[in-house]
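Topology and contacts: notes
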Amino acid sequence: MEPLLGVLLGLILAVASSAQGNCTCATNKWTECAQDGSRNCTCMLVGSNRRVDCSTLTSKCLLMKAEMTPLKKKHFWSQSRVLLDVDGIYSPDCEDSGVFKARQCNQADTCWCVNTAGVRRTEKGDKSLSCGEPVRTSWIYIEMKHKKRSRAFNFTNIENALRHLFESRYKLHPKFVTAVKYNSPLIRIHLTQQGSEKSRCDVDIADVAYYFEKDIKDDSIFHSNRTLTVSVNEDALDIEKIRIYYVDEKPPQFCMKQLAAGVSAVVTVVTMTAGFGIAVLVILRRLRTRKYEKIELKEMGEIRAPSLQ
């Protein structure tokens, strides 16, 4: 009887251990997960008391904040892990919804305004800087370059593979992938998402672009942390370079003083160039006129010479 009870106890412990091991957040490796008495798995973001919805992507702002946590504890930083500003390292401020606050400041109390993708869109100032409501990033342009091949991919195949990837892995609705262009080895992907088009259930294109960039750079945010593999008609698509551009619903704001100085410099250069050009033309004209006068006088002398005889 006792051996049987021992076996049963071992099975119970094995099941419990397995269940605890399955308590992870598939979409976010920056989480700490635990099961309660009802075996419900709850995951909290590292360094905060924010509960994470592991059925979808975590916002870019919360991810960056979580990535800063272990670096703060170790008192060092890595350029690939944090938002870096020339005035120092800062941890992004997020709204309760997880999006970036319109104004961000670093440890040196230098502040600036950002868009919903966390990209700076104004000149820097102090804590008196007012940013108002956050400006939405409505269009994201992803440019990639794949490794050299003996022949280019078929356009339809590469388009279908990338559209499927964004829908299946990042949960992005197909309507937000507005264009895929290919001219070997360059690949261009356009993500468009107006504020009025985005529902509560839709993932944000800024979060998708961040996850995708991390995957391409072999620093996946997903819990599996496996290298992203994209297959195009059973051929591997190996990306070696990626660049992402952000376009907002409103144009960026620049310091008018600096802008005026720049314009003045341009006007000065143009004026000097124009003045120099006019001077050159005048000199050339005078030289030509003198040459013409000399030729004319010489010809007149030759004409008058016989009459003097």
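Here the structure is a predicted model, which is why all the values come from computation and not from measurement.

1. Examining the overall build of the chain
- For the chain, the helix and strand inventory stands at five helices and 12 strands.
- Counting over 309 residues, the chain shows a buried share of 33%.
- At a minimum sequence separation of 6, the contacts of the chain that also span at least 24 residues come to 55%.
- For the chain, the exposed surface amounts to about 20,000 Å²; the carbon and sulfur share of it is 54%.

2. So, the environment of Asp-207
- Mapped onto the elements, Asp-207 comes out in helix H4 (residues 205–216).
- Judged by its relative accessible area of 13%, Asp-207 is buried.
- As a C-alpha pair, Asp-207 and Lys-60 span 147 residues in sequence and 5.2 Å in three-dimensional space.
- Every residue in contact with Asp-207, bar those within four places of it in the chain, is listed here: Leu-57, Thr-58, Ser-59 and Lys-60.

3. Structural notes on the state of the cysteines
- On inspection of all chains with the given rule, the structure shows six disulfides.
- What pairs with Cys-23 in a disulfide is Cys-41, and their sulfur atoms sit 2.0 Å apart. Its S-S torsion of about 95 degrees marks the bond between Cys-23 and Cys-41 as right-handed, since a negative value means left-handed. Residue Cys-23 is found in the loop between helix H1 (2–21) and strand E1 (31–35), and its partner Cys-41 is found in strand E2 (residues 41–45); the two are separated by 18 residues along the sequence.
- Residue Cys-23 is classed as buried on the basis of its relative accessible area of 5%.
- With relative accessibility at 34%, the residue Cys-41 sits in the partly exposed group.
- Note on cysteine connectivity: Cys-33 is disulfide-linked to Cys-43, with sulfurs 2.0 Å apart. Here the disulfide of Cys-33 and Cys-43 is right-handed, its torsion about the S-S bond being about 110 degrees. Of this pair, Cys-33 sits in strand E1 while Cys-43 is found in strand E2, placing the two residues 10 residues apart along the sequence.
- Classification of Cys-33 as partly exposed rests on a relative accessible area of 22%.

4. Brief notes about the pairing of E2
- Two strands pair when backbone bridges link them, and E1 and E2 are joined in this way by five bridges, in the antiparallel orientation. When the bridges of E2 are listed, Thr-31 appears paired with Leu-45.
- Counting the residues in the hairpin turn of E1 and E2 gives five residues, including Arg-39, whose phi is positive at 65 degrees.

5. Some details on the packing of aromatic side chains
- The tally for this structure, following the rule as stated, stands at seven aromatic pairs.
- Taking 5.6 Å as the distance between ring centres and 50 degrees as the angle between the ring planes, the aromatic pair formed by Phe-166 and Tyr-170 counts as tilted. Here the two residues Phe-166 and Tyr-170 agree in accessibility, since each one is buried.
- Between Tyr-170 and Phe-222 the ring centres are 6.2 Å apart and the planes differ by 45 degrees, which places this aromatic pair in the tilted class. Placement of Tyr-170 in the loop between helix H3 (155–168) and strand E8 (177–183) and of Phe-222 in the loop between H4 and strand E10 (231–232) is noted, with a sequence separation of 52 residues between them.
- One aromatic cluster is present, built from ring pairs that chain together Phe-166, Tyr-170, Tyr-211, Phe-212 and Phe-222.
- Its guanidinium or amino end placed over the ring of Phe-153, Arg-149 lies 3.8 Å from that ring's centre, counting from NZ or CZ.

6. With respect to the sheet that holds strand E9 (residues 186–192)
- Strand order in the open sheet made by the four strands is E8-E9-E7-E12, with antiparallel pairing throughout. The open sheet has two edge strands, E8 and strand E12 (239–248), and neither has a second partner. Taking each pair of neighbouring strands and ignoring which way they run, the sheet shows an average axis angle of 15 degrees.
- Of the strand pairs in this sheet, E8 and E9 are connected by six bridges, and their pairing is antiparallel. Bridging across to E9, Lys-181 finds its partner in Arg-188.
- Each of strand E7 (137–146), E8 and E9 touches H3; the most contacted strand, E8, lies at about 140 degrees to it.
- On top of the sheet, H4 reaches E7, E9 and E12; it is set at about 20 degrees to E7, its chief contact.

7. Focus: the pattern of salt bridges
- In the structure shown here, the tally under the stated rule is 11 salt bridges.
- Residues Asp-248 and Arg-121 are paired through a salt bridge, measuring 2.8 Å at the closest nitrogen-oxygen approach. Note that Asp-248 is positioned in strand E12 and Arg-121 in the loop between strand E6 (111–113) and E7, a separation of 127 residues in sequence.
- Residue classification places Arg-121 among the buried positions, given a relative accessible area of 7%.
- One salt bridge in this structure joins Asp-215 and Arg-169, with 2.9 Å as the shortest N-O distance. In this pair, Asp-215 sits in helix H4 while Arg-169 sits in the loop between H3 and E8, placing the two residues 46 residues apart along the sequence.
- Among the charged side chains, a salt-bridge network with shared partners connects Lys-29, Glu-67, Lys-214 and Asp-219.

Definitions and limits used
Residues numbered from 1 in each chain as written. Predicted model: local features only at pLDDT ≥ 70, side-chain atom pairs only at ≥ 80, totals over all residues. Heavy atoms only, no water. Helix = DSSP H or I, 4+ residues; strand = E, 2+ residues; numbered from the N terminus. Buried < 20%, exposed > 50% of the residue type's maximum accessible area, 1.4 Å probe, protein only. Contact = heavy atoms within 4.5 Å. Areas by Shrake-Rupley, 256 points an atom, 1.4 Å probe, with all protein chains shown as cover. Disulfide = S-S within 2.5 Å. Pairing = 2+ DSSP bridges. Phe/Tyr/Trp six-rings, centres within 6.5 Å; stacked < 30°, edge-to-face > 60°. Lys NZ or Arg CZ within 6 Å of the ring centre and 35° of its normal. Axes fitted to C-alpha atoms, helices over the stretch in contact; angles between N-to-C directions. Salt bridge = Lys/Arg side-chain N within 4 Å of Asp/Glu carboxyl O.

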